[in-house]
Amino acid sequence: MVSRVEDIADERKTASQQDQGLISDLRTIEPSDQALFTEAVTENGIAGWSYYFPYLQLFGNASKRERLLFETLDGSICVYRLRERRGKPANLGLLMPPFPWNEALARRALDRSSAFNSDRRGRISRVSERDLAPVARLGLDLRFNMDEFIYDRHAVDEAKGKDFARLRRNVNRFVNDDTLLRSYSAEDADTCERLLDQWQEGMAERGIQIGPFKRYARLCLRNAQTFGDQLLGQVIEVDGKIAAFSFGGPINSETGSVFVTISDHEHAGIAYRQRLELLRAFPNLLYFNDGADSGRPGMAMMKNVFRPVTMNCLYSARTARKAALSSK
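Predicted, not measured: the structure shown is a model, and the values here were computed from it.

## A few points about the nonpolar core
Phase 1 of the analysis: Core analysis: the biggest nonpolar cluster contains 45 residues, and Val79, Phe245, Phe247 and Phe259 have the highest contact counts within it.
Phase 2 of the analysis: Of all the secondary structure elements, the ones that give two or more residues to this core are helix H2 (34-44), helix H3 (53-59), strand E2 (66-73), strand E3 (76-83), helix H8 (189-205), helix H9 (213-222), strand E9 (241-250) and strand E10 (255-263).
Phase 3 of the analysis: At six residues, the largest contribution of residues to this core is made by H8.
Phase 4 of the analysis: Among all residues touching phenylalanine 245, those that are not within four sequence positions of it are Cys192, Leu195, Leu196, Leu221, Gln234, Val235, Val260, Thr261, Ile262 and Gln274.
Phase 5 of the analysis: Core analysis: the next-biggest nonpolar cluster, separate from the first, contains 21 residues, Leu26, Ala106, Ala109 and Val127 among them.

Here is the structure:
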């Protein structure tokens, strides 16, 4: 029995070593890669929320159990998502298709992830509508995942007409002598972290799990100065106390990201002003991507108040099961 236990341990160690060999040439996303990613996103012309460089860099380094790695080929970038689950084999997939699109890199990446995964299936977590056709040609099964809310920045800024009446009402509640909007500074980090903890506790009490968001939001607070003009931070004080903080910036030359928004639940409605002020800080952008609603009706209702001009539909993709079985 002892020898069999040792054999199993050796088998697992060998398998782990083989897996590590399959990803040994991949790189972590570092702040120094910002220009490389921004150039590729701009050339690709895509404005998905997941392409925002601060998100990729912070999320990719927020946890040892879930990391983002990448490789390049002929100017195209492929971002991998490596997830290690307690008691289960690690899983490797693509976060999104290579950008700009590169079929050779896409096939290589799917072959790599299929070889790495115990079920021999390759996966892409987030595929925008514009990439559906080339991804489908690779023989992958596609399934709707989620919608991202896209706002017309100018229309929201002006907030005219009956369509924006509710937005105006909520914003006006926090435009007074007791409310102060200002830029985020490093000295605000501790206070904002406490607000983040308080917000997460409130969500947990309502049975809402927020996944990795809290980890990379905390990193954002500590590393906000790293990303230059691509990441702007704002805070809103009510009666001298920080009641909300926001971060965002340009994904590309036309579209921005509403990246991190946290507010005190005691100040119902302040989330409307914090979004509006973030959009107003970038007058040269045409649109803003506010991400998905995470399946929360309240979040969807709030985002619809900003009258999205379109929804960016995202799909997930994976290797057909028959293909996976035939590769074993």
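## What to know about a nonpolar patch on the surface
Phase 1 of the analysis: Among the surface-exposed residues, Leu286, Tyr287 and Val309 lie close enough to one another that they form a single nonpolar patch of about 250 Å² accessible area.
Phase 2 of the analysis: Here leucine 286 is to be found in the loop between helix H10 (270-280) and strand E11 (287-289).
Phase 3 of the analysis: We classify leucine 286 as partly exposed; its relative accessible area is 43%.

## Overview of the layout of surface pockets
Phase 1 of the analysis: Roughly 1300 Å³ of internal volume is contained in the largest pocket.
Phase 2 of the analysis: Contributing to the lining of the largest pocket are 50 residues, with Ala292, Ser294, Arg296, Met299 and Lys303 lying nearest its centre.
Phase 3 of the analysis: Take the lining of the largest pocket: its biggest share by element is six residues, from E10.
Phase 4 of the analysis: Class assignment for the residues of the lining of the largest pocket results in 23 nonpolar, 16 polar and eleven charged.

## Re empty space enclosed by the protein
Phase 1 of the analysis: Applying the stated criterion to the full structure yields one cavity of 30 Å³ or more.
Phase 2 of the analysis: Roughly 30 Å³ of internal volume is contained in the largest cavity.
Phase 3 of the analysis: If you trace the largest cavity, you find it lined by Gly48, Trp49, Ser50, Tyr51, Arg126, Ser128, Glu148 and Leu314.
Phase 4 of the analysis: When its residues are assigned to classes, the lining of the largest cavity shows three nonpolar, three polar and two charged.

## Concerning the pattern of salt bridges
Where charged atoms from two side chains of opposite charge come close, those side chains can pair.
Phase 1 of the analysis: Overall, the coordinates contain 21 salt bridges when judged by the stated rule.
Phase 2 of the analysis: Across the pair arginine 112 and aspartate 25 runs a salt bridge, and its minimum N-O distance is 2.8 Å. Of the two residues, arginine 112 sits in helix H4 (residues 103-116) while aspartate 25 sits in the loop between helix H1 (2-23) and strand E1 (27-28), which places them 87 residues apart along the sequence.
Phase 3 of the analysis: One salt bridge in this structure joins glutamate 277 and arginine 273, with 3.0 Å as the shortest N-O distance. Linking glutamate 277 with arginine 273, this pair stays in helix H10, spanning four residues, or about one helical turn.

## Observations regarding the packing of aromatic side chains
Phase 1 of the analysis: For the structure on display, the rule yields 21 aromatic pairs.
Phase 2 of the analysis: Aromatic side chains tyrosine 55 and phenylalanine 259 sit 6.5 Å apart centroid to centroid with 80° between the ring planes, which places their arrangement in the edge-to-face category. Within this pair, whereas tyrosine 55 is found in helix H3, its partner phenylalanine 259 is found in strand E10, the two being separated by 204 residues in sequence.
Phase 3 of the analysis: Of the residues examined, phenylalanine 259 reaches a relative accessible area of 4% and is grouped as buried.
Phase 4 of the analysis: A ring pair is formed by phenylalanine 144 and tyrosine 315, whose centres lie 5.8 Å apart and whose planes are at 85°; its orientation type is edge-to-face.

## Section: the packing of H8 against H9
Phase 1 of the analysis: At a minimum axis separation of 10 Å, H8 and H9 run at an interaxial angle of 170°. By the angle class used here, H8 and H9 are roughly antiparallel. Judged by the sense of rotation from one axis to the other, the crossing of H8 with H9 is right-handed. Two secondary-structure elements touch here, H8 through Ala189, Asp190, Cys192, Glu193, Leu196, Asp197, Trp199 and Gln200 and H9 through Phe213, Lys214, Ala217, Arg218, Leu221 and Arg222.

## Some words on the pairing of E9
Phase 1 of the analysis: With eight of ten residues buried, E9 lies mostly within the body of the structure.
Phase 2 of the analysis: Once strand E8 (residues 232-238) ends, the chain turns through two residues before running back antiparallel as E9, passing aspartate 239 with a positive phi of about 55°.
Phase 3 of the analysis: As judged from the seven bridges shared by E9 and E10, these two strands associate in the antiparallel manner. Looking at E10, one finds that glycine 249 is bridged to serine 257.
Phase 4 of the analysis: What sits between the antiparallel neighbours E9 and E10 is a turn of four residues.

Parameters and conventions
Residues numbered from 1 in each chain as written. Predicted model: local features only at pLDDT ≥ 70, side-chain atom pairs only at ≥ 80, totals over all residues. Heavy atoms only, no water. Core = buried A, V, L, I, M, F, W, Y, C linked by side-chain atoms within 4.5 Å. Buried < 20%, exposed > 50% of the residue type's maximum accessible area, 1.4 Å probe, protein only. Helix = DSSP H or I, 4+ residues; strand = E, 2+ residues; numbered from the N terminus. Contact = heavy atoms within 4.5 Å. Patch = residues over 30% accessible without salt bridge, like charges linked within 9 Å, V, L, I, M, F, W, Y side chains within 5 Å. Areas by Shrake-Rupley, 256 points an atom, 1.4 Å probe, with all protein chains shown as cover. Salt bridge = Lys/Arg side-chain N within 4 Å of Asp/Glu carboxyl O. 1 Å grid on protein atoms, 1.4 Å probe; cavity = no way out; pocket = protein on both sides within 12 Å on 5 of 7 lines; lining within 4 Å. Points joined across faces, edges and corners; volume = space filled by probe spheres on them. Nonpolar A, V, L, I, M, F, W, Y, C, P; charged D, E, K, R; others polar. Phe/Tyr/Trp six-rings, centres within 6.5 Å; stacked < 30°, edge-to-face > 60°. Axes fitted to C-alpha atoms, helices over the stretch in contact; angles between N-to-C directions. Parallel < 35°, antiparallel > 145°, perpendicular 65-115°, else oblique. Left-handed = near helix turned anticlockwise from the far one by under 90°. Pairing = 2+ DSSP bridges.

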